[in-house]
Amino acid sequence: MSFVSTDPYTHQGENTWFTPPELIKKLGFVFDMDVCTVSYRPFDIARTNIEHDKGECGLSAHWHGLVWMNPPYGKEIEPFINKFKNHSDGIALVFARMGTPWMQDWVRSGNGIFFLRKRIAFISKDWKKGTNAGADSCFLYKGKLAREIIEKSGIEGVFIREK
């Protein structure tokens with residue numbers, strides 16, 4: 001549900017942003033697990049939550065079922081993407097950074113990508129809607145159920161055919 005930006009060029013210290021609730025509502029699904037969230041999130045989207053502010057770590061946790069992941073953005077993202085690649089079912093919301101090694105590895109892996117048509121306005125930790133993000137976003141997804149959820153959501157965008 002949340003990502004923590006640690007980009008030293010634009011932010012000082014922790015900068016937590018949440019997935020907008022309208023995006024989650026359009027997906028219309030309660031996930032089995034949110035692997036990157038915090039205890040003070042504005043709403044739940046999963047039955048099980050890994051809360052990094054309570055010392056829990058999505059990288060060391062056992063993932064099960066259909067996962068939702070809005071990982072830490074910045075240098076911390078790659079290990080989360082690598083673990084996500086090895087999980088069977090899920091949706092990850094990330095910036096569409098096509099030039100990054102982790103994104104190029106994802107594309108080569110043949111897993112699914114759905115590019116969102118519009119930029120997202122994330123929610124701050126004081127529940128205020130921000131301006132739209134400074135980059136385009138996409139869903140990385142694994143598994144038939146994840147693709148079906150995105151297809152049925154009505155969210156504008158385009159799929160990249162998986163192998």
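The following refers to the structure shown.

About the cut-offs
All residue numbers refer to position in the chain's written sequence, counted from 1. Predicted model: local features are reported for residues with pLDDT of at least 70 only, side-chain atom pairs are reported and counted for 80 or more only, and whole-chain, interface and lining totals are derived from all residues. By convention in this description, side-chain values take in all heavy atoms of the structure and omit both hydrogens and water. By nonpolar core is meant a set of buried Ala, Val, Leu, Ile, Met, Phe, Trp, Tyr and Cys residues that side-chain atoms within 4.5 Å join together. Only protein chains enter the accessibility calculation, which uses a 1.4 Å probe; a residue is then buried when its area is under 20% of its type maximum, exposed when over 50%, and partly exposed in between. The numbering of helices and of strands both runs from the N terminus, where a helix is a DSSP run of H or I of at least 4 residues and a strand a run of E of at least 2. Contacts are residue-level and defined by heavy atoms, with any inter-residue pair within 4.5 Å sufficient. The criterion for strand pairing is that DSSP finds at least two bridges linking the strands in question. Each axis is a line fitted through C-alpha atoms, taken for helices only over the stretch in contact, and angles between the N-to-C directions span 0 to 180 degrees. Note on definitions: the grid is 1 Å and covers protein atoms alone; a cavity is a set of points where a 1.4 Å probe fits but cannot get out; a pocket is an open set with protein on both sides within 12 Å along at least five of seven lines; lining residues have an atom within 4 Å of a point. Grid points are joined across faces, edges and corners, and a volume is the space filled by probe spheres set on the points. Directions pointing from the helix axis toward each C-beta atom define the arc.

Considerations on the nonpolar core
- Among the nonpolar cores identified, the biggest contains 24 residues, and L27, W68, I91, L93 and F139 are the most heavily contacted of them.
- Those elements that provide at least two residues to this core are α1 (21-27), β6 (90-95), β7 (112-116), β9 (137-142) and α4 (144-153).
- Aside from chain neighbours lying at most four places away, what touches I91 is F31, V67, W68, M69, F84, F139, L140, Y141, A146, I149 and I150.
- Membership of the second largest hydrophobic core comes to 20 residues, among which are C36, W63, F80 and W102.

So, the sheet that holds strand β5 (residues 67-69)
- Reading across the sheet, the seven strands line up as β4-β3-β5-β6-β9-β7-β10 and stay open at both edges, with mixed pairing between neighbours. Looking at which strands have only one partner, the edges of the open sheet turn out to be β4 (46-51) and β10 (157-160). Looking at each pair of strands side by side, their axes are set apart by 20° on average, direction ignored.
- Taken together, the two bridges between strand β3 (residues 31-37) and β5 define a ladder with parallel strand orientation. Within the sheet, the bridge partner assigned to D34 lies in β5 and is W68.
- Its contacts with the sheet put α4 on β6, β7, β9 and β10, and the angle it makes with β9 is roughly 140°.

Details of the pairing of β9
- The buried fraction of β9 is high, at six of six residues.
- Residues S137, F139 and Y141 line one face of β9 and the alternating positions C138, L140 and K142 line the opposite face, and both faces are buried.
- As judged from the six bridges shared by β6 and β9, these two strands associate in the antiparallel manner. Bridged to L93 within β9 is F139.
- In this structure, β7 lies alongside β9, joined through four bridges in antiparallel fashion. In the sheet register, F114 faces β9, and the bridge partner there is F139.

So, the layout of surface pockets
- Here the second largest pocket defines a volume of roughly 270 Å³.
- Forming the boundary of the second largest pocket are 14 residues, of which L23, K26, K118, R119 and I155 lie nearest the centre.

Here we look at the side chain of S124
- Here S124 lies in strand β8 (residues 123-124).
- Those residues within four positions of S124 in sequence are excluded, and the remaining contacts are T16, W17 and F18.

Examining the environment of K25
- Its place among the elements puts K25 in helix α1.
- With a relative accessible area of 67%, K25 lands in the exposed category.
- Between the alpha carbons of K25 and R97 there is a distance of 25 Å; along the sequence they are 72 residues apart.

Quick word on helix α2 (residues 77-85)
- Those residues of α2 lying buried are I77, F80, I81 and F84. Within α2, the buried residues cover an arc of 100° as seen down the axis, which keeps them to one side.
- Packing partners of the buried residues in α2 comprise β3, β5, β6, α3 (101-109) and β9.

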